[in-house]
Protein chains: 2
Amino acid sequence: MKIDNFSCPLPVASLDTVQLGHGSGGRLTAELIDDVFLAHLGNEILGRLEDQAVFSLPPGRLALTTDSYVVDPLFFPGGNIGELAVNGTVNDICMSGARPFHLSVSFIIEEGFPIADLKRIVASMGAAAKASGVSVVTGDTKVVNKGSCDKLFINTTGIGVVPDNVAISAHNLHPGDKIILSGTIADHGMAIMTSREGLSFQSRVRSDTAALNGLVEVMLAVSPEIHAMRDPTRGGLAATLNEFAKASGVGIVLDGGAIPVALEVRGACEILGIDPLNVANEGKLVAVVPPLVAPGVLAAMRRHPLGCEAAVIGEVSPDNPGLVACSTGLGAMRIVDMPVGEQLPRIC
Amino acid sequence: MKIDNFSCPLPVASLDTVQLGHGSGGRLTAELIDDVFLAHLGNEILGRLEDQAVFSLPPGRLALTTDSYVVDPLFFPGGNIGELAVNGTVNDICMSGARPFHLSVSFIIEEGFPIADLKRIVASMGAAAKASGVSVVTGDTKVVNKGSCDKLFINTTGIGVVPDNVAISAHNLHPGDKIILSGTIADHGMAIMTSREGLSFQSRVRSDTAALNGLVEVMLAVSPEIHAMRDPTRGGLAATLNEFAKASGVGIVLDGGAIPVALEVRGACEILGIDPLNVANEGKLVAVVPPLVAPGVLAAMRRHPLGCEAAVIGEVSPDNPGLVACSTGLGAMRIVDMPVGEQLPRIC
């Protein structure tokens with residue numbers, strides 16, 4: 001029995017927006033995978049197009065992390081949702097000290113979304129993955145009816161391998177440890193906020209989205225003895241340090257004057273009445289290190305492009321367990337509370 | 001310096017719907033994690049509440065897979081989005097022959113979503129995870145403004161370990177291989193469809209959502225020589241077999257009369273004019289095995305509760321590479337084409 005093959009009945013290549021059929025698992029899905037995803041993210045593992053990626057990693061403990069990105073707008077000063085989704089998940093992996101290897105990517109796309117925008121976003125995911133040395137090895141696409149989601153959401157889940165001699169955890173803070181911040185805070189959150197509000201100073205405030213695994217590598221090369229590390233995203237530095245203090249049952253005392261905030265970001269925060277300590281960052285880390293190794297770690301950070309403004313911003317105290325306090329510059333201390341509600345929805 | 005602790009300023013426990021603040025990374029997020037996620041999914045790794053899970057797995061190749069679930073309605077005959085999200089990802093892992101170990105879970109929730117519904121969904125995720133022997137080890141929650149997503153989307157990403165002697169791939173089909181299907185097709189898709197349309201026969205059509213890792217285990221115990229395996233979800237058996245035929249450059253010939261379809265499902269398909277071969281399944285697998293091991297694999301499947309209706313439904317042919325054909329019962333053959341567009345949006 002011989003049967004002739006048929007040609008495709010639809011002029012698919014001419015579609016310029018995403019259709020429900022692109023999420024059907026059928027021929028349109030296959031074409032979207034070829035034209036958009038493989039074109040920009042392709043590698044040997046992803047190219048096999050199995051329902052799962054199969055690969056080997058070096059021996060060691062694994063680090064697994066997931067984040068869904070719902071940032072609005074999709075394109076903002078300093079980046080877009082695609083590179084944010086790659087960098088954010090790379091950062092969550094490497095904050096455990098792990099070397100990031102692979103990502104999965106899952107798209108939820110609103111029917112009618114422009115394919116040109118999707119290509120731009122996926123292209124910048126490819127560039128961000130290349131820059132941080134990770135591969136997208138498996139993925140998924142769902143398309144929902146117009147009105148059922150706001151344009152585009154992206155989930156990335158990442159896997160890495162933790163070096164044997166590293167034990168980084170929010171539970172590991174010890175009194176006397178130094179708190180080191182890698183650079184200015186509140187850039188990402190205020191870039192989204194000012195861009196969304198159309199404020200006049202927006203052009204000078206840009207997201208700090210960046211992959212921090214290279215910076216972490218130089219820090220660990222100085223000393224594997226980093227006690228805790230995190231990238232302060234949603235909830236900002238205030239949320240991260242409160243979680244650290246609570247998890248380890250210690251107090252944290254910050255030197256308010258030592259926390260770097262860019263001038264234009266400080267201005268935007270003041271106009272909008274927002275505390276920069278509560279604002280999301282996407283390319284900064286805070287590390288808690290023993291006092292003896294702090295100078296060496298700090299010096300190494302300052303030699304890295306993403307850590308040139310690194311500073312010791314405080315230390316861990318045995319007093320007031322669970323509380324974060326900050327000097328105000330007038331000799332007084334204020335409590336830095338865990339943010340309760342939502343100042344800036346859809347920041348990441 | 002001693003500072004008194006403060007009590008929470010909001011009566012959070014009395015909230016009965018999800019607020020934007022639940023996704024802020026602040027105190028409301030922490031409470032949602034405690035009250036809902038840890039209550040139903042908790043385990044030692046998840047309970048650490050780090051931004052990433054760190055764990056060890058047995059040595060071997062890893063399998064990684066991701067899926068976002070956008071099914072509408074959230075609750076349907078036979079299941080809900082929560083157990084679907086666990087079972088679906090467990091299935092994508094074990095279709096590589098891997099033993100599934102861990103999942104990440106990420107929620108995108110519409111502001112105003114009832115917390116009682118969220119608890120029901122998360123509880124059934126916990127039950128499904130327990131039933132299939134996997135742990136949810138890390139997670140993420142985003143809340144978007146009312147109208148920015150339709151109620152609730154869930155991403156699950158899973159990791160497993162592939163046994164050394166297994167090499168399952170869509171590229172591995174050989175002429176003469178037998179096609180084995182584990183049971184009736186089209187149950188899940190038609191359950192969603194009839195429930196959505198409010199059709200009168202809906203009460204008799206139920207989703208087949210189930211985790212297939214136990215079934216795969218008994219199949220591999222008979223023979224590791226399974227050439228290809230997949231759970232035919234979106235696009236149905238037609239999409240899966242077309243992908244197999246294309247990837248391996250072989251033809252597939254099906255015996256239409258041997259493909260089990262439940263009577264009520266066949267009826268629903270006929271009324272709605274839908275080909276059951278194109279309809280999604282969520283608890284079925286199709287395996288391609290060498291003819292010599294097929295009888296043993298089939299017998300083992302039939303002894304398992306999820307494979308008691310397993311059947312050989314066709315075989316791989318050297319003719320017509322890339323094409324799937326099906327006997328119609330009248331001595332004629334029809335082409336089973338790759339579905340092009342979308343018959344049933346938001347089926348999973």
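Residues numbered from 1 in each chain as written. Chains lettered and ligands numbered in written order. Predicted model: local features only at pLDDT ≥ 70, side-chain atom pairs only at ≥ 80, totals over all residues. Heavy atoms only, no water.

Trainee: How should I be thinking about helix H8 (residues 294–302) of chain B in this particular structure?
Mentor: In an α-helix, one turn spans 3.6 residues; hence positions three or four apart end up facing the same way. Residues and elements named next belong to chain B. Within the span of H8, buried status applies to Ala294, Val297, Leu298, Ala300 and Met301. An end-on view of H8 places all buried positions within 165 degrees of arc, on one side of the element. The elements touched by buried residues of H8 are strand E8 (178–181), helix H5 (213–222), strand E11 (286–289) and strand E12 (311–317). (Buried < 20%, exposed > 50% of the residue type's maximum accessible area, 1.4 Å probe, protein only. Helix = DSSP H or I, 4+ residues; strand = E, 2+ residues; numbered from the N terminus. Arc of directions from axis to C-beta. Contact = heavy atoms within 4.5 Å.)

Trainee: Got a minute to help me understand the relation of the copies chain B and chain A in this structure?
Mentor: What relates the pair of chain copies is a rotation about an axis plus a shift along that axis. Rotating chain B by 180 degrees and translating it 0.0 Å along the rotation axis places it on chain A, where the RMSD comes to 0.0 Å. Overall, the copies show the geometry of a two-fold rotation axis. Of every C-alpha in chain B, the one belonging to Cys149(B) sits nearest the axis of rotation, 2.0 Å from it. In this assembly the copies share their binding face: 100% of the residues contributing to the interface of chain B also contribute to that of chain A. (Least-squares fit on C-alpha atoms with pLDDT ≥ 70 in both.)

Trainee: How should I be thinking about the sheet that holds strand E11 (residues 286–289) of chain A in this particular structure?
Mentor: Either a parallel or an antiparallel arrangement is found when strands of a sheet pair, and the pairing is made through backbone hydrogen bonds. All names here are of chain A. With mixed pairing, the seven strands of this open sheet are ordered in space as E9-E11-E8-E12-E10-E13-E14. In this open sheet, the two strands that pair with only one neighbour each are strand E9 (228–230) and strand E14 (333–335). Each strand of the sheet is rotated relative to its neighbour by a mean of 25 degrees, with strand direction disregarded. Pairing between strand E13 (residues 324–327) and E14: three bridges, direction antiparallel. Within the sheet, the bridge partner assigned to Ala325 lies in E14 and is Ile335. (Pairing = 2+ DSSP bridges. Axes fitted to C-alpha atoms, helices over the stretch in contact; angles between N-to-C directions.)

Trainee: Got a minute to help me understand the pairing of strand E2 (residues 61–69) of chain A in this structure?
Mentor: In summary, the side chains of a regular strand alternate between the two faces of the sheet. The buried fraction of E2(A) is high, at eight of nine residues. In this structure, E2(A) lies alongside strand E7 (residues 152–162) of chain A, joined through nine bridges in antiparallel fashion. From the neighbouring strand, Asp67(A) faces E7(A), where its bridge partner is Thr156(A). When E2(A) meets strand E1 (residues 53–55) of chain B, the two strands line up antiparallel, connected through three bridges.

Trainee: Is there a simple way to explain the pattern of salt bridges in this structure?
Mentor: Two side chains carrying opposite charge are able to pair once their charged atoms lie near each other. As enumerated under the stated definition, the model contains 28 salt bridges over all chains in all. Linking Glu50(A) and Arg230(B) is a salt bridge whose minimum nitrogen-to-oxygen distance equals 3.5 Å. Separated into two different chains, Glu50(A) in the loop between helix H1 (27–41) and strand E1 (53–55) and Arg230(B) in strand E9 (residues 228–230) make up a pair that spans both. For the residue pair Glu50(A) and Arg230(B), the accessibility class agrees, reading buried in each case. Between Arg346(B) and Asp150(B) there is a salt bridge whose closest N-O contact spans 2.8 Å. In this pair, Arg346(B) is assigned in the segment after strand E14 (333–335) and Asp150(B) in the loop between strand E6 (135–144) and strand E7 (152–162), connecting sequence segments 196 residues apart. Overlapping salt bridges bring together Glu50(A), Asp51(A), Arg230(B) and Glu243(B) as one network. (Salt bridge = Lys/Arg side-chain N within 4 Å of Asp/Glu carboxyl O.)

Trainee: I keep staring at the packing of H5(B) against H8(B) and nothing clicks. Help me out?
Mentor: Axes are the key here: two packed helices are described by the angle between their axes and the distance separating the axes. Residue and element names in this part refer to chain B. Viewed as axis vectors pointing N to C, H5 and H8 meet at an angle of 150 degrees, and their least axial separation amounts to 9 Å. Relative to H8, H5 is oriented so that their crossing is right-handed. In this structure, H5 uses Leu215, Val218, Met219 and Val222 to contact H8, whose residues at the interface are Gly296, Val297, Ala300 and Met301. In terms of residue class, the contact of H5 with H8 is made up of seven nonpolar, one polar and no charged. (Left-handed = near helix turned anticlockwise from the far one by under 90°. Nonpolar A, V, L, I, M, F, W, Y, C, P; charged D, E, K, R; others polar.)

Trainee: Where do I start with unusual backbone geometry in this structure?
Mentor: The general pattern is negative phi for most residues beyond glycine and trans for most peptide bonds. Residue and element names in this part refer to chain A. Asp72 connects to Pro73 through a cis peptide bond whose omega is 5 degrees. Within the fold, Pro73 resides in the loop between E2 and strand E3 (75–76). Unusually for a residue other than glycine, Lys151 sits at a positive phi of about 70 degrees. Of note, Lys151 is situated in the loop between strand E6 (135–144) and E7.

Trainee: Explain the interface of chain B and chain A to me, please; I cannot follow it from the model alone.
Mentor: By a frequent convention, interface size equals the accessible area lost on bringing the separate parts together. Of the residues lining the interface, 86 residues belong to chain B; the matching set on chain A comes to 86 residues. Of the roughly 7,000 Å² buried at the junction of chain B and chain A (both faces included), carbon and sulfur atoms supply 56%. The tally of links from chain B across to chain A stands at eight salt bridges. With a closest N to O distance of 3.2 Å, Lys142(B) and Asp67(A) form a salt bridge. Taken together, the residues that form the side of chain B that touches chain A break down as 39 nonpolar, 27 polar and 20 charged. (Buried area = accessible area lost by both parts, 1.4 Å probe.)

Trainee: When you look at the pairing of strand E5 (residues 99–110) of chain B in this model, what are you seeing that I'm missing?
Mentor: All names here are of chain B. Counting buried residues along E5, eleven of its twelve residues qualify, which places the element largely inside the surrounding structure. Both E5 and E7 contribute to a ladder of ten bridges, which runs antiparallel. Paired with Phe107 across the bridge in E7 is Ile154. As judged from the nine bridges shared by E5 and E6, these two strands associate in the parallel manner. Within the sheet, the bridge partner assigned to Phe107 lies in E6 and is Thr141. This β-α-β element, E5 to helix H3 (residues 115–132) to E6, shows right-handed connectivity. (Right-handed = clockwise from strand over helix to strand, strands pointing away.)

Trainee: What am I meant to see in H1(A) here?
Mentor: Residue and element names in this part refer to chain A. For H1, spanning 15 residues, the distance from its first C-alpha to its last is 20 Å, which sits close to the expected 21 Å at 1.5 Å a residue. Taken as a whole, H1 carries its principal kink of about 35 degrees at Ile33. Looking only at H1, the buried set comprises Arg27, Leu28, Thr29, Leu32, Val36, Phe37 and Leu41. Next to the buried residues of H1 lie strand E5 (99–110), helix H3 (115–132) and E6. (Expected span 1.5 Å × (residues − 1). Bend = angle between axes of the 7 residues up to and from the residue.)

Trainee: Would you mind showing me how to read the confidence of the model for chain A here?
Mentor: Low-pLDDT stretches of the model should not have their predicted coordinates read in fine detail. Residue and element names in this part refer to chain A. With 94% of its residues at a pLDDT of at least 70, chain A reaches an overall mean of 92. Confidence drops under pLDDT 50 across residues 1–13; counting only partners more than four residues distant or on other chains, this segment forms 20 contacts. Confidence estimates for the predicted assembly give a pTM of 0.94 and an ipTM of 0.93. (pLDDT = per-residue confidence, 0-100.)

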